[in-house]
Amino acid sequence: MAKVAKKKVKRHVTRAVAHVRSTFNNTMVTITDFNGETLCWASAGTAGFKGTRKSTPFAAQRAGENAAQAARRFGVSEVEVKVKGPGSGRESAVSGLQSGGLRVQSIEDVTPLPHNGCRPRRKRRV
């Protein structure tokens, strides 16, 4: 019995959500539709940066530009940005999305903050 391969359907989305997760080591930009299904993603690592250079604002900007270029192939022109995390690439990833040709409608901070939940990690001593 021969297997029949499913034809991949090219989605056409005009408005999307850009999730920017900025940690101390990397910056990830994921672009999803409003159902939460991933269209494309990019990170500072996939933009060609390694080691400590991944955590720079310039690497985050390049990741935003790469994600914007990939999203333009799906017909995305407007994005709502949700930023999460404490890293240094928060603002520069948003500016990378803008310079990549996407119109930013709103920017929202969705960093999880505890309402005095779990005990935090020990303080880092350098």
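That block above? That's the structure.
As a starting point, this report considers the structure included with it. Note that this is a predicted model, so its numbers are computed, not measured.

For the rest of this paragraph, the subject is the overall build of the protein chain. Each helix and strand in the protein chain was counted, giving two helices and five strands. For the protein chain, the C-alpha atoms occupy an extent of roughly 60 × 40 × 30 Å along the three principal directions. Expressed as a percentage of the 126 residues in the protein chain, the buried residues total 36%. Partitioning the intrachain contacts of the protein chain with sequence separation of at least 6 by distance along the chain shows that 65% fall at a separation of at least 24. Accessible area for the protein chain stands at about 9,000 Å²; split by element, carbon and sulfur atoms hold 51% of it. Counting 24 positive and 8 negative side-chain charges, the protein chain places the averaged centre of each group 12 Å from the other.

What follows deals with the environment of Arg 53. Within the element layout of this structure, Arg 53 appears in the loop between strand E3 (38–43) and helix H1 (57–72). Relative accessible area serves as the criterion here: at 53%, Arg 53 is assigned to the exposed category. Distance in space between the C-alpha atoms of Arg 53 and Asn 26 is 8.8 Å, their sequence separation being 27 residues.

Rules used throughout
- Residues numbered from 1 in each chain as written.
- Predicted model: local features only at pLDDT ≥ 70, side-chain atom pairs only at ≥ 80, totals over all residues.
- Heavy atoms only, no water.
- Helix = DSSP H or I, 4+ residues; strand = E, 2+ residues; numbered from the N terminus.
- Buried < 20%, exposed > 50% of the residue type's maximum accessible area, 1.4 Å probe, protein only.
- Contact = heavy atoms within 4.5 Å.
- Areas by Shrake-Rupley, 256 points an atom, 1.4 Å probe, with all protein chains shown as cover.
- Lys, Arg positive; Asp, Glu negative; His and termini not counted.
- Charge placed at Lys NZ, Arg CZ, Asp CG, Glu CD.

Geometry only, nothing functional implied.
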